[in-house]
Amino acid sequence: MTGDFVKLWFSGESVPAGQLPVTAVRELAVYQDVIREVAAILWRRKSNKKRLPPHFKKAFNLAITGAIEEGSAGVQLACINFQEDMLGGHFDDAQTTVFEVLRRANLEQLSANDADYLEPISKLGAKFSDDFSMRIHPRSTDKHVRVTSHTSRRVGQFLKEMRKPREVDVVGQVFAVDRKHCTFGIDVVGGARRLKGRYDRGLLRVTDNLLEAIQEGAGYARVSAMQTGQDGELNASHVVLLGQPKPDFEARMVELIQSEDADAALADKSRKLVRSLVWDSSLPHPYMYLSADGGLRMEWTFEGPWDVSVGFEHDVIFGDATNPKTCETDDFEVGWEVSPTDLAEKVRLLLRLAGWKGRA
Amino acid sequence: MSREPLKNGLLLRQVHPIALERSGRLTSTAFTPKKGDEGELSVDQEELTTRADSFHRFEQNFKKRAAGTLGVLVSECDEAAKRLQVSVQVLADPVPGNSAHAIIDMASLSRRKTEKVAKALKFIAAERGWLYPPEMPGEKVIT
């Protein structure tokens, strides 16, 4: 299929009537790339697949058709080599999406729903001087949207804001880190729903749906994994999720800390690491009680006689797996500076020794 | 009074409620000496007292509620220590008001080893079940 796709009008003091400045020519290529990128995002979202069909992006090509129009410089772009059967309406949809996002950017009405498209769209107009603008007239509508340097700045600023870790309401921190898969998962216990989110170059994408789901659930979110960004491990202490702590777990912890047998300072000190183990859904759920020293202790048991425990003591955190029948044992001892991720990994090794066949 | 090593007999251990998880599940805390105990786990010799007396004396002396009484044999302590390759002694330790008092001496053990011995003793005691108050039919120690 070939045919008119869009008309782009360039105007400004540096645009002589009927002539196309080099800046504008460069913007034609940017526009093509933006449509390709947004179409790819839409396709992945609809198909729920990561991998694009072969030659997906290259199958969409724009070419200038006709003469440069008088007035300001207007060019008609048409699709060439457009493979309708494979591409469907993704590129038309992409253009509509770009159009709407730019319109909202001009009205300063960008929202979190636009977040996925802002990265490619921010390239449009990025090189424009203040007196230079581009009007986009898609074939699908008789309306147009204007792109200026202001539009580009608004998109860029909103993108920057979106990439800041969102601080919503304190429930728990994101602890576990999955370096491979660039995803984090949240189990909504009681709601029996498992949701996945995405962490992309510093932005933890907590969608509105996800927040609602957490609220609808039994009241707490358990974060199973989150990946690191390109610049290393996320400082998870800055990321918090909306919801309420699991009632029985939190109540139990408070009950223990406040009991007369507790060493309140010691028990309180261990809250963060205890939570990290309870909420790490790659681990089975532990029991929690007070140690002989009055600190918090966690224990996991299985079908067999194995006992795996982690005790939070004054100087160290101590993990142990013992089979009282055969007296096979293993243990670890780490300082309080241990990261939640490393602690979970050490516990996981003990659990595996004890015969746990859970997630790797 | 001297601390004589004990060779046999059943040792009664009072279990404080904090050693039980809220579900009633027994934890190894029941056989772990507290910090102030300096590695000595208090028990009573059954042959010098009764299960009921041991239970009520604990509640009276320490003004604490006991969840129940568990028991391990001296020989079982020795066996567990042997399997764990540690040295644990059971010593008579009569104190004023309780001539049946004895200790399972883990003072020479590291924190890690103490932990393992506690787990082993918990396992043995749980298999024997609650000695006092007597178990109801079908009742088992949850481990």
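Residues numbered from 1 in each chain as written. Chains lettered and ligands numbered in written order. Predicted model: local features only at pLDDT ≥ 70, side-chain atom pairs only at ≥ 80, totals over all residues. Heavy atoms only, no water.

Trainee: Break down the sheet that holds strand β4 (residues 89-92) of chain B for me, with residues and values.
Mentor: Residues and elements named next belong to chain B. Reading across from one edge, β3-β1-β2-β5-β4 is the order of the 5 strands in this open sheet, with antiparallel pairing throughout. Each having just a single partner strand, β3 (68-73) and β4 make up the two edges of the open sheet. Across the sheet, the mean angle separating the axes of adjacent strands is 40 degrees when strand polarity is ignored. One ladder, built from 5 bridges, connects strand β2 (residues 40-45) with strand β5 (residues 101-105); its direction is antiparallel. By the bridge assignment, V43 is partnered in β5 with A102. Contacts from helix α1 (residues 51-62) reach β1 (10-15), β2 and β3 within the one sheet, and its direction differs from that of β1 by about 35 degrees. Relative to the sheet, helix α2 (residues 74-83) contacts β1, β3, β4 and β5, its axis offset from that of β3 by approximately 65 degrees. (Pairing = 2+ DSSP bridges. Helix = DSSP H or I, 4+ residues; strand = E, 2+ residues; numbered from the N terminus. Axes fitted to C-alpha atoms, helices over the stretch in contact; angles between N-to-C directions. Contact = heavy atoms within 4.5 Å.)

Trainee: Explain the interface of chain B and chain A to me, and be specific about the residues and the numbers.
Mentor: Of the residues lining the interface, 26 residues belong to chain B; the matching set on chain A comes to 33 residues. Linking chain B with chain A are 9 salt bridges. Residues B:E115 and A:R297 are paired through a salt bridge, measuring 2.6 Å at the closest nitrogen-oxygen approach. Taken together, the links from chain B to chain A amount to 15 residue pairs in polar contact (both at pLDDT 80 or more). Listed by contribution, the elements that provide at least two residues to the side of chain B that touches chain A are α2 and α3 (111-128) of chain B. Broken down by element, the residue count for the side of chain B that touches chain A peaks at 8 residues, all from α3(B). A breakdown of the residues in the side of chain B that touches chain A according to their chemical character gives 7 nonpolar, 6 polar and 13 charged. (Salt bridge = Lys/Arg side-chain N within 4 Å of Asp/Glu carboxyl O. Polar contact = N/O pair within 3.5 Å; in protein donor to acceptor, adjacent residues only side chain to side chain. Nonpolar A, V, L, I, M, F, W, Y, C, P; charged D, E, K, R; others polar.)

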